[in-house]
Amino acid sequence: MTTKQQDPIKVAENTEYILAERRDSVVLLTLNRSKALNALCDSLTQELTEVLDATERDDSVAAVVITGSAKAFAAGADIKEMQPKTFVDVYLEDFITSSWERPSTVRKPIIAAVSGYALGGGAELAMMCDLIIAAESAKFGQPEITIGILPGAGGTQRLARAVGKSKAMDMVLTGRMIDAAEAERMGLVARVVADEELVSEAVAVATKIANFSKPAVLLAKESVNRAFETTLSEGLRFERRMFHAAFATEGQNEGMDAFINKREARYSDR
Ligand code: CAA
């Protein structure tokens, strides 16, 4: 059974908090709730899920970039929505699990382009992406402790895996914000660029990835992600099988032939 394709731009025409723009085979998604510093309200996370579903279904989309505004990538879960909730409310609705995690399950490459605040759920959303490109103005933090809770969208887990125990504890237990330079030194972000170059740089990185053989990109992404789920020997075994699988793709022969004959590769994505 083939899944019906759905143009993410068309889906986003009906969304309030997500803007979608096509840049060739890359879709740029902009969080659009700047008055609340892109606080991640239920409607926003729901819309993001719907648009990401559509990017996954659309074969002409090869990579996704998520960005916010100059002042805020996202300042976290919506505190005004959360404040009246009880344990039974969040437990029964399975808050976070039921609606937030789509970016972490997207198979296509997904890049977070972060400018300004990426706090709480905003930092966690960025960490759900494959890599983070930060503007010089970016500030990351897990300030949940300052409002009587703790990170609930992966901040204690993905952050610890990204930067190690001591730095993660520092951020999670004190709520301290770090700037882009410190985030890069810690290994939380892949690159830091000038504010005005953030989106063009992130789209350029996404386009570069989009132009490689699609099966190789997905195999590579899956293999790196496996590193966070298993032991070294199992991870190496998995990588070896994925490496072998790449030899079943047309891209392997095409890429190597192009190298040998000093020409540009033209991938069929098969
Ligand atoms: N939820 C709801 N509204 C928020 C918000 C949030 N997380 N962050 C900012 N806003 C709103 C403010 O209430 C304000 O709205 P009003 O104009 O209606 O008052 C507007 O956005 C602008 O914010 P500020 O006036 O506070 O802007 P500032 O420049 O003075 O401060 C800031 C910026 C330091 C980011 C500050 O807004 C702040 O500390 N925000 C909260 C950050 C936070 O605690 N995030 C964690 C949330 S919990 C979470 O994310 C749980 C999880 O793991 C899933």
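Counting of residues starts from 1 at the beginning of each chain's written sequence and follows it residue by residue. Reporting in this predicted model follows two pLDDT cut-offs: at least 70 for local features of residues, and 80 or more for side-chain atom pairs to be given and counted; totals over whole chains, interfaces and linings ignore these cut-offs and use all residues. Hydrogen atoms and water are omitted, and side-chain values are computed over all heavy atoms in the structure.

Colleague: Break down the site of the ligand for me, with residues and values.
Modeller: For this description, a residue counts as near a given molecule or strand if any of its non-hydrogen atoms is within 4 Å of it. Taken together, 25 residues are adjacent to the ligand, and Lys-71, Ala-77, Gly-121, Glu-124 and Glu-144 come closest. With respect to the ligand, the backbone of Gly-121 contributes an N or O atom lying 2.7 Å from an oxygen atom. Distance and chemistry together define a polar contact, namely a pair of N or O atoms within 3.5 Å, with one atom able to donate a hydrogen and the other to accept it when in protein, and with adjacent residues in sequence counting only for side-chain atoms on both sides. Here Glu-124 contributes a side-chain N or O atom positioned 2.6 Å from an oxygen atom of the ligand. Computed on the free molecule, the ligand has an accessible area of 990 Å², of which 67% lies beneath the protein chains in the complex. Comment: elements are numbered from the N terminus, with helices defined as DSSP H or I runs of at least four residues and strands as E runs of at least two. Contributions of two or more residues to the shell around the ligand are made by α3 (79–82), β6 (117–119) and α6 (121–128). At 3 residues, the largest contribution of residues to the shell around the ligand is made by α3. Class assignment for the residues of the shell around the ligand results in 15 nonpolar, 4 polar and 6 charged. Every accessible area reported is derived by Shrake-Rupley at a probe size of 1.4 Å, with residue values counting cover from the shown protein chains alone. Note on residue categories: nonpolar means Ala, Val, Leu, Ile, Met, Phe, Trp, Tyr, Cys or Pro, charged means Asp, Glu, Lys or Arg, and polar means any other residue, Gly included.

Colleague: Account for helix α13 (residues 250–260), naming residues and giving values.
Modeller: Those residues of α13 lying buried are Gly-251, Glu-254, Gly-255 and Ala-258. Considered in projection along α13, the buried side chains sweep an arc of 95 degrees and stay on one side of the axis. Facing away from the buried side of α13 by over 90 degrees, the exposed positions are Asn-253 and Ile-260. Any residue under 20% of the maximum accessible area for its type is buried, any over 50% is exposed, and the rest in between are partly exposed; the area is computed with a 1.4 Å probe on protein chains only. This arc describes the spread of directions from the helix axis toward the C-beta atoms.

Colleague: Quick rundown of the sheet that holds strand β5 (residues 110–114)? Include the residues and the values.
Modeller: In this description, strands pair whenever DSSP reports at least two bridges between them. Pairing is mixed across the open sheet formed by 6 strands, whose spatial order is β1-β2-β3-β5-β7-β10. Whereas interior strands pair on both sides, the edge strands pair on one side only; in this sheet they are β1 (18–23) and β10 (191–193). The sheet shows a mean angle of 20 degrees between the axes of neighbouring strands, taken without regard to direction. Relative to strand β2 (residues 26–31), β1 runs antiparallel, the two being bridged by 6 bridges. Considered in β2, the bridge of Arg-22 is made with Val-27. Lying on the sheet, helix α2 (residues 42–57) is in contact with β1, β2, β3 (63–67) and β5; it crosses β2 at an angle near 175 degrees. Between N-to-C directions, angles span 0 to 180 degrees; the directions come from axes that are lines fitted to C-alpha atoms, helices contributing only their stretch in contact. It only takes one pair of heavy atoms within 4.5 Å for two residues to be counted as in contact.

Colleague: Please set out the layout of surface pockets residue by residue, giving values where relevant.
Modeller: Buried and open spaces are told apart on a 1 Å grid over the protein atoms alone, a cavity being a set of points where a 1.4 Å probe fits but cannot get out and a pocket being an open set with protein on both sides within 12 Å along at least five of seven lines. Residues with an atom within 4 Å of a point are the lining residues. Grid points are joined across faces, edges and corners, and a volume is the space filled by probe spheres set on the points. The calculated volume of the largest pocket comes to roughly 1,100 Å³. If you go around the largest pocket, you meet 36 residues; those closest to its centre are Cys-129, Asp-130, Val-224, Asn-225 and Phe-228. Sorting elements by how many residues they give to the lining of the largest pocket places helix α11 (residues 214–226) first, with 9 residues. Here the residues of the lining of the largest pocket are counted per class, giving 23 nonpolar, 5 polar and 8 charged.

Colleague: For a negative patch on the surface, give the residues involved together with the corresponding values.
Modeller: A residue counts toward a patch only above 30% relative accessible area and without a salt bridge, and it is joined to like-charged neighbours within 9 Å or, for Val, Leu, Ile, Met, Phe, Trp and Tyr, to nonpolar neighbours within 5 Å. Note on definitions: salt bridges are taken to be side-chain nitrogens of Lys or Arg within 4 Å of carboxyl oxygens of Asp or Glu. Under the convention used here, Asp and Glu are negative, Lys and Arg are positive, and both His and the chain ends fall outside the count. The atoms used to mark charge sites are NZ of Lys, CZ of Arg, CG of Asp and CD of Glu. Judged by side-chain charge, Glu-136, Asp-195, Glu-196 and Glu-197 come together as a negatively charged surface patch. Summarising the element assignment, Glu-196 is placed in the loop between β10 and α10 (198–210). Take Glu-196: its relative accessible area is 67%, and that puts it in the exposed class.

Colleague: Just give me the short version of the pairing of β3, but keep the residues and values in it.
Modeller: Counting buried positions along β3 gives 5 out of 5 residues, so the element sits mostly inside the fold. Both faces of β3 are covered, namely the face carrying Ala-63, Val-65 and Thr-67 and the face carrying Val-64 and Ile-66. In this sheet, β3 lies alongside β2 in parallel orientation, the contact comprising 5 bridges. Bridging from a neighbouring strand, Leu-28 pairs with Val-65 of β3. With strands facing away from the observer, any crossover in which the path from the first strand over the helix to the second runs clockwise is taken as right-handed. For the crossover that starts at β2, traverses α2 and ends in the parallel β3, the hand is right-handed. Pairing analysis gives 4 bridges linking β3 to β5, with the strands arranged parallel. Paired with Val-64 across the strands is Ile-110, a residue of β5.

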